[in-house]
Amino acid sequence: MRLPFGKVWRAFPEFDNYSDAECRHIVAAAKINRPWLTIGVPRIVLIGLLIGWPVYWVVGVLYFNVHRWAPVPADDGIALVVLAVTTVMVALVMRLLVRDLCLAWALKVEIDRAACRKCGQSMQGVPVREVGLGGDPSKRFVRCPECGKEWNLLESGITPRDLVPWEARGIPKDFGKVRRGAAW
């Protein structure tokens, strides 16, 4: 995994062939599929630091004599302003950091969505078998190439699109363009 500075999806080489619009769509899908991870955890970190940071410093100054190892202003008014500013800055910076880490984690889970639940082997590119006629989604199965476990697509939450390799999901560069020499 690479370290992105602006677009979190550029951390994954699987998304190199996609445009930014397609990557934003995949990020939106990750946010929809895992809202507790992409929205909930950063909010909890923000609220926890907005409450915990001032409590930590007030308790430290009152009970543990923090003046020995931290530069705490002697004037109470200045100390209160410094505490308010650092509380807001630390909470916002940590929220942004946690948000990006959680989004990267959600994208990693989205990439590994078609992995075998038993052994972790990717099942991308494995053909879907269907039992019976009629296209019933509850009768579609895929077999793990590593451990041989057979998974029902409907029960495991895997869609046939999840089984298409990431490289094959991109839109061709000539999509929608008139092809010269085509016989119509």
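In this report, the structure presented in the accompanying data block is examined. (Residues numbered from 1 in each chain as written. Predicted model: local features only at pLDDT ≥ 70, side-chain atom pairs only at ≥ 80, totals over all residues. Heavy atoms only, no water.)

1. With respect to the overall build of the protein
- Each helix and strand counted, the protein has four helices and three strands in total.
- When its helices and strands are written in sequence order, the protein yields α-α-α-β-β-β-α.
- Here the protein holds 184 residues, and the buried ones make up 27% of them.
- Residue pairs in contact within the protein that sit at least 24 positions apart in sequence constitute 53% of those at least 6 positions apart. (Helix = DSSP H or I, 4+ residues; strand = E, 2+ residues; numbered from the N terminus. Buried < 20%, exposed > 50% of the residue type's maximum accessible area, 1.4 Å probe, protein only. Contact = heavy atoms within 4.5 Å.)

2. Remarks on a nonpolar patch on the surface
- Judged by side-chain polarity, I47, L50, I51, V55, V58, V59, L62, Y63, F64, V88 and L92 come together as a nonpolar surface patch covering roughly 1100 Å² of accessible area.
- Tracing the backbone through its elements, the reader meets Y63 in helix α2 (residues 35-63).
- With a relative accessible area of 65%, Y63 lands in the exposed category. (Patch = residues over 30% accessible without salt bridge, like charges linked within 9 Å, V, L, I, M, F, W, Y side chains within 5 Å. Areas by Shrake-Rupley, 256 points an atom, 1.4 Å probe, with all protein chains shown as cover. Salt bridge = Lys/Arg side-chain N within 4 Å of Asp/Glu carboxyl O.)

3. Some thoughts on the pairing of strand β2 (residues 140-143)
- Two elements, strand β1 (residues 129-130) and β2, share two bridges in a ladder whose sense is antiparallel. Bridging across to β2, E130 finds its partner in R140.
- In the sheet, β2 pairs with strand β3 (residues 150-152) via three bridges, with the strands oriented antiparallel. Looking at β3, one finds that R143 is bridged to E150.
- As consecutive antiparallel partners, β2 and β3 are separated by six residues, and within that stretch G148 has a phi angle of approximately 85°, a positive value. (Pairing = 2+ DSSP bridges.)

4. Thoughts on the sheet that holds β3
- Pairing within the open sheet is antiparallel, and its three strands lie in the order β1-β2-β3. A strand with exactly one partner marks an edge of an open sheet, and here the two such strands are β1 and β3.

5. A closer look at the state of the cysteines
- On inspection of all chains with the given rule, the structure shows zero disulfides.
- The thiol sulfur of C147 is not disulfide-bonded, and the nearest other cysteine sulfur, from C116, lies at 3.7 Å.
- Given the relative accessible area of 31%, C147 is considered partly exposed. (Disulfide = S-S within 2.5 Å.)

6. Some remarks on the pattern of salt bridges
- By the definition in use, this model includes four salt bridges.
- A salt bridge links E150 to R129; the shortest N-O distance between them is 2.0 Å. A residue pair is termed long-range when its members are at least 10 positions apart, and E150 in strand β3 and R129 in strand β1 qualify at 21 residues.
- You can call E150 partly exposed: its relative accessible area is 28%.
- Residue R129 is classed as partly exposed on the basis of its relative accessible area, which comes to 41%.
- Note that E150 is salt-bridged to R143, the shortest N-O span being 3.4 Å.
- Connected through shared salt-bridge partners, R129, R143 and E150 make up one network.

In short, the description is geometric, and any link to function would need to be established separately.
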